[in-house]
Amino acid sequence: MILNLEHIGIAVKDVKNAEKVFTKLFGKQSYKVENVASENVSTMFYKVGNVKVELLEATNENSAISKFIDKKGEGIHHLAFETDDITAEIERLKQEDFTVLNDPPKKGADNKMISFLHPKSTNGVLIELCQEISEEKG
Ligand code: CMX
């Protein structure tokens, strides 16, 4: 089941520059900086109420973020929804004809298993499903 909006991913050209803007905007520091080599991104997370904001900078030209910025410029890149059972949710959404890009799910940033749905199957919005990796699994 999809439980809640977990984070909003924002593509930026330079995380260090964006940090100045978002730290001023939220009035607090980010709580985590993480390099995700498998996704070719450098990330920075803020907590804003019950939702997180993830700033994403490409670490090389093979990154989805690099391609996105070249085409659309900086801005909202994806919405991530928390699930209570990501594998079951992937199965359900496949049955509903969504295009699931990662089956099985893969390890992503912020201690999560993640899977993306292609934006062509979700009205132009890239959707991420995520689930916290529990200690027993992790
Ligand atoms: N939001 C909305 N549309 C997007 C998009 C996005 N973030 N990224 C690409 N698109 C659109 C493109 O504009 C293009 O549309 P048009 O055909 O209308 O021009 C279309 O999707 C292209 O799709 P594609 O040919 O399948 O391929 P791409 O190589 O552009 O890849 C995608 C797009 C979504 C499949 C790829 O970016 C992907 O697999 N993303 C998931 C992984 C990811 O984004 N990782 C970075 C974040 C990691 C993290 O959060 O830690």
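Scroll up to find the structure.
Residues numbered from 1 in each chain as written. Predicted model: local features only at pLDDT ≥ 70, side-chain atom pairs only at ≥ 80, totals over all residues. Heavy atoms only, no water.

Enquirer: Help me understand the site of the ligand, please; the structure alone is not making it clear to me.
Expert: By nearness alone, 18 residues border the ligand, and Glu39, Lys67, Lys71, His118 and Lys120 come closest of all. At 3.3 Å from an oxygen atom of the ligand is found a side-chain nitrogen or oxygen belonging to Glu54. One of the side-chain nitrogen or oxygen atoms of Lys120 is found 2.7 Å away from an oxygen atom of the ligand. Within the complex, 71% of the 970 Å² of free accessible area of the ligand lies under protein. If you map the ligand onto the pockets, it falls in the largest pocket. Mapped by element, the contributors of at least two residues to the shell around the ligand are β4 (51-58), α2 (64-72) and β5 (75-83). Top contributing element to the shell around the ligand by residue count: α2, with five residues. Here the shell around the ligand is built from residues that sort into seven nonpolar, four polar and seven charged. (Near = heavy atom within 4 Å. Polar contact = N/O pair within 3.5 Å; in protein donor to acceptor, adjacent residues only side chain to side chain. Areas by Shrake-Rupley, 256 points an atom, 1.4 Å probe, with all protein chains shown as cover. 1 Å grid on protein atoms, 1.4 Å probe; cavity = no way out; pocket = protein on both sides within 12 Å on 5 of 7 lines; lining within 4 Å. Sits in = over half its atoms within 2 Å of the grid points. Helix = DSSP H or I, 4+ residues; strand = E, 2+ residues; numbered from the N terminus. Nonpolar A, V, L, I, M, F, W, Y, C, P; charged D, E, K, R; others polar.)

Enquirer: I would appreciate a short explanation of a positive patch on the surface in the present structure.
Expert: A cluster of basic side chains, namely Lys67, Lys71, Lys72 and Lys120, defines a positive patch on the protein surface. Tracing the backbone shows Lys71 in helix α2. (Patch = residues over 30% accessible without salt bridge, like charges linked within 9 Å, V, L, I, M, F, W, Y side chains within 5 Å. Salt bridge = Lys/Arg side-chain N within 4 Å of Asp/Glu carboxyl O. Lys, Arg positive; Asp, Glu negative; His and termini not counted. Charge placed at Lys NZ, Arg CZ, Asp CG, Glu CD.)

Enquirer: Would you mind going over the packing of aromatic side chains with me for this structure?
Expert: The relation between two aromatic rings is expressed through the spacing of the ring centres and the mutual angle of the planes. Overall, the coordinates contain three aromatic pairs when judged by the stated rule. Measuring from centroid to centroid gives 6.1 Å for Tyr31 and Phe45, while their planes differ by 50 degrees, and the two rings are tilted. With Tyr31 in the loop between α1 (15-26) and β2 (32-36) and Phe45 in strand β3 (residues 41-48), this residue pair connects regions lying 14 residues apart in the sequence. An aromatic cluster is built from Phe22, Phe26 and Tyr46, whose rings are joined through pairwise contacts. Lying over the aromatic face of Tyr31, Lys47 brings its terminal NZ or CZ to 4.1 Å of the ring centre. (Phe/Tyr/Trp six-rings, centres within 6.5 Å; stacked < 30°, edge-to-face > 60°. Lys NZ or Arg CZ within 6 Å of the ring centre and 35° of its normal.)

Enquirer: Is there a simple way to explain the pairing of β5 in this structure?
Expert: Alignment of strand β1 (residues 2-11) against β5, held across eight bridges, turns out to be antiparallel. Residue pairing for β5: Gly9 is matched across the bridge by His78. As judged from the four bridges shared by β5 and strand β8 (residues 127-132), these two strands associate in the parallel manner. By the bridge assignment for β8, Ala80 is matched with Glu128. (Pairing = 2+ DSSP bridges.)

Enquirer: What is the right way to read the side chain of Lys112 from this model?
Expert: Structurally, Lys112 is set in strand β7 (residues 112-117). Within polar-contact distance, the side chain of Lys112 engages the side chain of Glu6 at 3.4 Å. Lys112 has contacts with Glu6, Lys52, Lys106, Lys107, Cys130, Gln131, Glu132 and Ile133, leaving out every residue within four places of it along the chain. (Contact = heavy atoms within 4.5 Å.)

Enquirer: For this particular structure, what's the right way to read the environment of Glu34?
Expert: Checked against the element boundaries, Glu34 lands in strand β2. A C-alpha to C-alpha distance of 13 Å links Glu34 and Lys16, two positions 18 residues apart in sequence. Aside from chain neighbours lying at most four places away, what touches Glu34 is Val41, Ser42, Thr43, Gly108, Ala109 and Asp110. Engagement of the side chain of Glu34 in a polar contact is seen with the backbone nitrogen of Asp110, the distance being 2.9 Å.

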